[in-house]
Amino acid sequence: MSRPPLAERLGRSVLTVALVGFATWTLLYQLALVVDLPATATLIATLVVTVLALLAGRRFAPGPDGVAGTPPAGPSTLLVLGATAVGTVLVVVDQRGAALTLLLVAAVVALVLAVRRDRAGARPEDASPAADDAGTHPLLWPVGWVGAVASGVLSMFLIRPDGDDAYFVNLSTWVAERGRFPLRDTMISPDTFPALGAHSPPVHSVEGLIGAVARVAGVEAGTVTYVLVPPVATLLAVLALTLLVDEARVPVAPAGLAAALGYLWLGGASGFSVGNFFAVRLWQGKAMLASIVLPLVLAAGIRLVRHGTVRTHLLLGAAVVASVGVSNTAVFIVPVLLGGMALGALALRRVRGAVRLAAWLPYPLAAGAASLVFAPRSPTVAERTAEGFDVSSGVTTRFDVLATVPGGHGGLLLASCLALGLGVLGIRDVTTRLCTLGAVVAGAVVLHPAVRDLLESAGLGAVAWRFWWVLPIPLLVAGATGALAGLVPRGRTVVAVTAAAALALLPLVDGKWTGSEANGTRVATTPFAWKTPRGSYTEARLVERVSEPGDTVLAPWDTSRVLVALTVDVQPVAARRFYLPAYAATPDAHAGVRDRLQVFADQLTPTTEAETTTLAADLELLSVDTACVPTVRGAAVALLQDTGFRVVDAVGSITCLRR
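This text gives an overview of the structure that appears in the document. (Residues numbered from 1 in each chain as written. Predicted model: local features only at pLDDT ≥ 70, side-chain atom pairs only at ≥ 80, totals over all residues. Heavy atoms only, no water.)

For the rest of this paragraph, the subject is a nonpolar patch on the surface. There is a patch of nonpolar side chains on the surface, built from I44, V48, V49, V51, L52 and L55 and spanning about 570 Å² of accessible area. Secondary-structure assignment places V48 in helix 2 (residues 39-56). (Patch = residues over 30% accessible without salt bridge, like charges linked within 9 Å, V, L, I, M, F, W, Y side chains within 5 Å. Areas by Shrake-Rupley, 256 points an atom, 1.4 Å probe, with all protein chains shown as cover. Salt bridge = Lys/Arg side-chain N within 4 Å of Asp/Glu carboxyl O. Helix = DSSP H or I, 4+ residues; strand = E, 2+ residues; numbered from the N terminus.)

Here's what the structure looks like:
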């Protein structure tokens, strides 16, 4: 076997080092949570163990058995084409449930047909491939590197703030400033109140890694999060997609990769789209899961289905561990993905391959069990009601799950339908094709309305849409490009480029690119800007400067959410109102009082004597030391002065007072 080109060797090596290194960090971080190991010591140990692990294994080297075949023949192709046409019509007439059922049935039938062909000893898809399909396209990895670097650079200039940073970046900041990994709340208390149940215990390790790196480098955790992580993570995401397209042996693969990148960058029509969890949000763990780690789980799993060597086990094990390390959502998604891939392995009659995949299920399941057992209890309805929170709605799902990731309308939805329908025809590697089909089956089952009802009853309704990530839509976009190119005997490159351009640009029809202002994104003039709401960074700096360590601070939400990323020396009344009901089970947190004060800071000035008296009592109860309100609300400033505060400074849109 000839030596792969430099671009390919470098890409595979970068992915392997990053994957093994982060998986090692995750395991040592989780150990540190138990034995209280300092962050810097954990980071040093990670470097040592990673080197040893890399010496024991090798990169994602291309395997001799990853050979492309011809497209699925006869009934399979007709089944896919017919199902795609009918499914697209059903989606257009807003029968999404029926379309999902059709997708599920078609994928199951395709798996059954694969089993029957294998038993008959006739597998036309394994016939000798055409010369231009036999291996990696010479331009695939160069195109992948160009796309990775360009996407990484562009990500540095795009700012799309996200409210979840009030928790995640704050966790990194605590590690950077205190040097240890917290197990309790650090947003509104100094590691005192119970942590949020949804993220406790914090088995996800990426925030701890960011904090540890910031501590060693002597920079703020927010700088590492917002300036360093996005370009690096975006580059890894594109390389991971390139690897997956390579493993799939997509015809005219560079065009397919370009189509997939276009789908990601131009898919801003839905806030849930895969593109919105790509470059514009890749400092968050859940986005890393969707864009980097799950593609690597699929690629490594495919290798393990073929051969159960130490190297392939090491790579899949690292990918599974890394998935939990970036987001605790992985404890739900990865078992479904592995189960779907096992279906594909069984369709190939590789029972041992399916067993090897199942052997890695205990880790995410154990992490999920730990979260269930050790998480603080959720407040009861009575406790939330007592704190004044609205608990009248029992509906956890506030949107149509089937209109999230694939898009609710327009070109993004159509591109998603074409990818989900035609994509498998362009995946020439048989193992990848059937494992992808298995993932589609597993994902479609979990997304089906009947199963979603069970998820809602288990309290998972609000995150059920994330099971769309089990379906590798970007890979299927690339596959659809290859499938269209494969329909013609000549001029395939021209057809592939045309199809790629059409699929890449289709999401713009009644849509927008992910960097659009209409998508909540703005373009920065410098790559060093934090990805925070406009003006909030300067205002948070003012609050930090005028406050003393240990102070409790009341400020508008946009300012408070950045303040907790700047420092843990002071605590805001509320880093995010959305989180406050979770503190209702902790009487000392006074969650209802915090909610009232945050409403005052954000928008509502008391007008009656009773309301004014309540405000003064609330400020006293929480011992608020610094209070900041919008400067244009002069009545709010005067009211704070009446309660003993004095103006100390003003910047941007806020005025800060102390007492």
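All right, on to the nonpolar core then. Formed by 167 residues in total, the largest nonpolar core has its most connected members in V245, F278, I292, W468, W469 and L471. Top element by residues in this core is helix 8 (residues 221-248). It accounts for 16 residues. In this structure I292 touches A233, L236, A237, A240, L282 and A287, once residues within four positions along its chain are discounted. Core analysis: the next-biggest nonpolar cluster, separate from the first, contains 18 residues, L554, V593, F600 and L615 among them. (Core = buried A, V, L, I, M, F, W, Y, C linked by side-chain atoms within 4.5 Å. Buried < 20%, exposed > 50% of the residue type's maximum accessible area, 1.4 Å probe, protein only. Contact = heavy atoms within 4.5 Å.)

The next subject is the layout of surface pockets. One number sums up the size of the second largest pocket: a volume of about 750 Å³. If you trace the second largest pocket, you find 28 residues lining it, with A18, F22, L209, V232 and L236 closest to the centre. At seven residues, the largest contribution of residues to the lining of the second largest pocket is made by helix 1 (residues 6-35). (1 Å grid on protein atoms, 1.4 Å probe; cavity = no way out; pocket = protein on both sides within 12 Å on 5 of 7 lines; lining within 4 Å. Points joined across faces, edges and corners; volume = space filled by probe spheres on them.)

A separate point is helix 25 (residues 634-642). Along helix 25, the residues that are buried comprise A636, V637, L639 and L640. Down the axis of helix 25, the buried set is contained in an arc of 160°. They therefore lie on one face. For helix 25, exposure combined with an orientation more than 90 degrees from the buried face picks out A635 and D642. Taken from the residues just after helix 25, G644 is the one with a positive phi, measuring 105°. (Arc of directions from axis to C-beta.)

With that out of the way, let us pick up the sheet that holds strand 5 (residues 624-630). With mixed pairing, the five strands of this open sheet are ordered in space as 4-3-5-7-6. What marks the edges here is a single partner per strand, and that holds for strand 4 (571-572) and strand 6 (646-651). Bridge analysis of strand 3 (residues 552-554) against strand 5 gives three bridges, and the strand direction is parallel. If you follow L554 over to strand 5, its bridge partner there is A627. Each of strand 3, strand 4 and strand 5 is contacted by helix 23 (residues 591-602), which is oriented at about 40° to strand 5, the strand it contacts most. (Pairing = 2+ DSSP bridges. Axes fitted to C-alpha atoms, helices over the stretch in contact; angles between N-to-C directions.)

Close contact between helix 1 and helix 7 (residues 206-217) brings their axes to 10 Å; oriented N to C, the two are set at 95°. Taken together, the axes of helix 1 and helix 7 lie roughly perpendicular to each other. Contacts between helix 1 and helix 7 involve F22, W25 and Y29 from the former and V206, G208, L209 and A212 from the latter. For the contact of helix 1 with helix 7, the residue count by class is six nonpolar, one polar and no charged. (Parallel < 35°, antiparallel > 145°, perpendicular 65-115°, else oblique. Nonpolar A, V, L, I, M, F, W, Y, C, P; charged D, E, K, R; others polar.)

Okay, unusual backbone geometry next. In this structure, the amide linkage connecting S200 to the following residue, P201, adopts the cis form with an omega of -5°. Summarising the element assignment, P201 is placed in the loop between helix 6 (165-178) and helix 7. Even without a glycine there, the phi angle at D94 is positive, about 65°. At S623, a residue that is not glycine, the phi angle is positive and equals roughly 55°.

Let us now look at the pattern of salt bridges. Pairs can form between side chains of opposite charge whenever their charged atoms are close. Overall, the coordinates contain 24 salt bridges when judged by the stated rule. Measuring nitrogen to oxygen at the nearest pair gives 2.6 Å for the salt bridge that ties D551 to R658. Taken as a pair, D551 in the loop between helix 21 (536-546) and strand 3 and R658 in strand 7 (residues 654-658) lie far apart in primary sequence, 107 residues in all. The residue E620 makes a salt bridge to R659 at a minimum N-O spacing of 3.6 Å. With a gap of 39 residues between them, E620 in helix 24 (residues 609-621) and R659 in the segment after strand 7 connect regions that are remote in the sequence. Judged by relative accessible area, which is 52%, E620 ranks as exposed. What emerges from the salt-bridge pattern is a single network uniting E8, R12, D246, E247, R249, R303, R306 and D429.

For the structure shown, the criterion picks out eight cavities of 30 Å³ or more. Quantified by volume, the second largest cavity comes out at close to 270 Å³. What lines the second largest cavity is a set of 23 residues, and nearest its centre among them are V274, A290, P295, P472 and P474. Going through the elements one at a time, helix 8, helix 9 (253-266), helix 10 (285-306) and helix 19 (473-485) are the ones with two or more residues in the lining of the second largest cavity. A per-element tally of the lining of the second largest cavity places helix 10 first, with five residues.

This part takes up the packing of aromatic side chains. Centre distance and the angle of the planes are the two values used to describe a pair of aromatic rings. Evaluation of the coordinates by the stated rule reveals 14 aromatic pairs. Centre to centre, the rings of Y167 and F168 are 5.0 Å apart; their planes meet at 85°, and the pair counts as edge-to-face. Classification of Y167 as buried rests on a relative accessible area of 9%. Look at W465 and W469: their rings are 5.5 Å apart centre to centre, the planes differ by 85°, and that puts the pair in the edge-to-face class. Here the aromatic residues Y226, W283, W530 and Y537 are joined through ring pairs into a cluster of three or more. Its guanidinium or amino end placed over the ring of F600, R633 lies 5.5 Å from that ring's centre, counting from NZ or CZ. (Phe/Tyr/Trp six-rings, centres within 6.5 Å; stacked < 30°, edge-to-face > 60°. Lys NZ or Arg CZ within 6 Å of the ring centre and 35° of its normal.)

In this section: the side chain of T552. Relative to the elements of secondary structure, T552 occurs in strand 3. Setting aside residues no more than four positions away along its own chain, T552 makes contact with Q571, V573, L622, S623, V624, D625 and T626.

Turning to the state of the cysteines, a few remarks are in order. Under the definition given, this model contains one disulfide. C628 shares a disulfide with C656; S-S distance 2.1 Å. One quick way to see it: the torsion about the S-S bond of C628 and C656 is about 110°, and its sign makes the bridge right-handed. One end of the pair, C628, is in strand 5; the other, C656, is in strand 7, and 28 residues separate them in sequence. Given a relative accessible area of 0%, C656 falls into the buried group. (Disulfide = S-S within 2.5 Å.)

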